[in-house]
Amino acid sequence: MSYLLVTPVKNEISNLEKLFSSILEQTIKPILWLILDDGSSDGSTEVILKMAKEHSFISYIILPPKNKRDLFWRYHKIMKFGFEKIVEIAKDKNLNWDYIGVLDGDISLEKSYFHTLLCKMDKDANLGVVSGEVKSLINDVYIIEERQMDRPCGAARLIKKEIYDKIGYPEEPGADGVISQKARELGFKTIVIKNIFLYQSRGTNSVASPKNNAIYQAEMKYYLGYSIWYAILKFFIMFFKKPHYPSFIFIYRFTYNKVIKKERTKDLQILNNRSNIIINRISNYFNKK
């Protein structure tokens, strides 16, 4: 049960101590951990260099700085590069691995986190993508995030090698969901394992303002081929949460892209699956009631 781990970092100096402690204290550590420093300017780089010098299983790459934060494309371009690079490094070091994982820079973990995920996947050959449950720090209190149990968290997940070998890391907005979708279409299960937790120092998508997050969601959903009916459903779900105004930004941006016929993904496997999305979302919404 061996795994590789990729972590993107940008100005996470306040979170690095917990991040490194989380991995060093894991009951099963990664055989290789690649940290991608995306032009940090807050001292994160120096901490990463120090830890890589002290621990031989840690590698790092310092990426050229990019002033503008591009949530739409940048993260997934970095992750695609990181996945390809760590596989290359593992090959050069003659390291055999069974799973490849993601761990974001603002995460801390229970000591048995990856051990638990690995044991579950090792016992069930049909498990393709897994994560634990998410607790996010909201107003100084860790709150469990609501999540569909077949939608693993992208911030701390493991992916079966067989799946990665077949699909790679898609350079698409919303790549986390795309990987899970393609894994299911290959016949694998994707699950959230209950009662083992990852802790985020901020809520999912909270790096962006509510306005920018609504824009990002609209751009991503449109690009990935979601229908206008899905967008309307998403609008109402967003509207009944505070603040209300991002729902209007979302539906406006999605509709605007549709009117101007903005480019969408050309991946037919992704597009052909969208007809089932709205049915699944409605079903999951009412099952919670």
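One can find the structure itself at the top, above this paragraph.
Computed from a predicted structure; not experimentally measured.

Moving on, we come to the pattern of salt bridges. The tally for this structure, following the rule as stated, stands at twelve salt bridges. Of the charged contacts in the structure, one is a salt bridge between Asp-124 and Lys-189, with a shortest N-O distance of 2.6 Å. One end of the pair, Asp-124, is in the loop between α4 (113-123) and β6 (127-138); the other, Lys-189, is in strand β9 (residues 189-200), with 65 residues separating them in the sequence. By sharing partners, the salt bridges in this structure join Glu-219, Arg-253 and Lys-262 into a single network.

Our next topic: a nonpolar patch on the surface. Taken together, the side chains of Trp-229, Ile-232, Phe-236 and Phe-240 present a nonpolar region at the surface, about 490 Å² in accessible area. Structurally, Trp-229 is set in helix α8 (residues 228-239). A relative accessible area of 59% means that Trp-229 is categorised as exposed.

Glancing now at helix α6 (residues 175-185). Looking only at α6, the buried set comprises Ala-175, Val-178, Ile-179, Ser-180, Gln-181, Lys-182 and Ala-183. One or two residues past the end of α6 sits Gly-187, with phi positive at roughly 100°.

Moving on, we get to the side chain of Gln-200. Looking at where Gln-200 falls in the secondary structure, it is placed in strand β9. Every residue in contact with Gln-200, bar those within four places of it in the chain, is listed here: Asp-106, Ile-107, Val-134, Lys-135, Ser-136, Leu-137, Tyr-142, Glu-145 and Ala-155.

Glancing now at the packing of α8 against helix α9 (residues 245-259). One way to put it is that α8 packs onto α9 with a least axis distance of 8 Å and a crossing angle of 165°. The angle between the axes of α8 and α9 places the two elements in the roughly antiparallel class. For the element pair α8 and α9, the recorded crossing hand is right-handed. The segment α8 lies against α9, with Ile-228, Ala-231, Ile-232, Lys-234, Phe-235, Met-238 and Phe-239 engaging Pro-246, Ser-247, Phe-248, Phe-250, Ile-251, Phe-254, Thr-255 and Lys-258. Class assignment for the residues of the contact of α8 with α9 results in eleven nonpolar, two polar and two charged.

How each quantity is defined
Residues numbered from 1 in each chain as written. Predicted model: local features only at pLDDT ≥ 70, side-chain atom pairs only at ≥ 80, totals over all residues. Heavy atoms only, no water. Salt bridge = Lys/Arg side-chain N within 4 Å of Asp/Glu carboxyl O. Helix = DSSP H or I, 4+ residues; strand = E, 2+ residues; numbered from the N terminus. Patch = residues over 30% accessible without salt bridge, like charges linked within 9 Å, V, L, I, M, F, W, Y side chains within 5 Å. Areas by Shrake-Rupley, 256 points an atom, 1.4 Å probe, with all protein chains shown as cover. Buried < 20%, exposed > 50% of the residue type's maximum accessible area, 1.4 Å probe, protein only. Contact = heavy atoms within 4.5 Å. Axes fitted to C-alpha atoms, helices over the stretch in contact; angles between N-to-C directions. Parallel < 35°, antiparallel > 145°, perpendicular 65-115°, else oblique. Left-handed = near helix turned anticlockwise from the far one by under 90°. Nonpolar A, V, L, I, M, F, W, Y, C, P; charged D, E, K, R; others polar.

Don't take any of this as a statement about function, it's just geometry.
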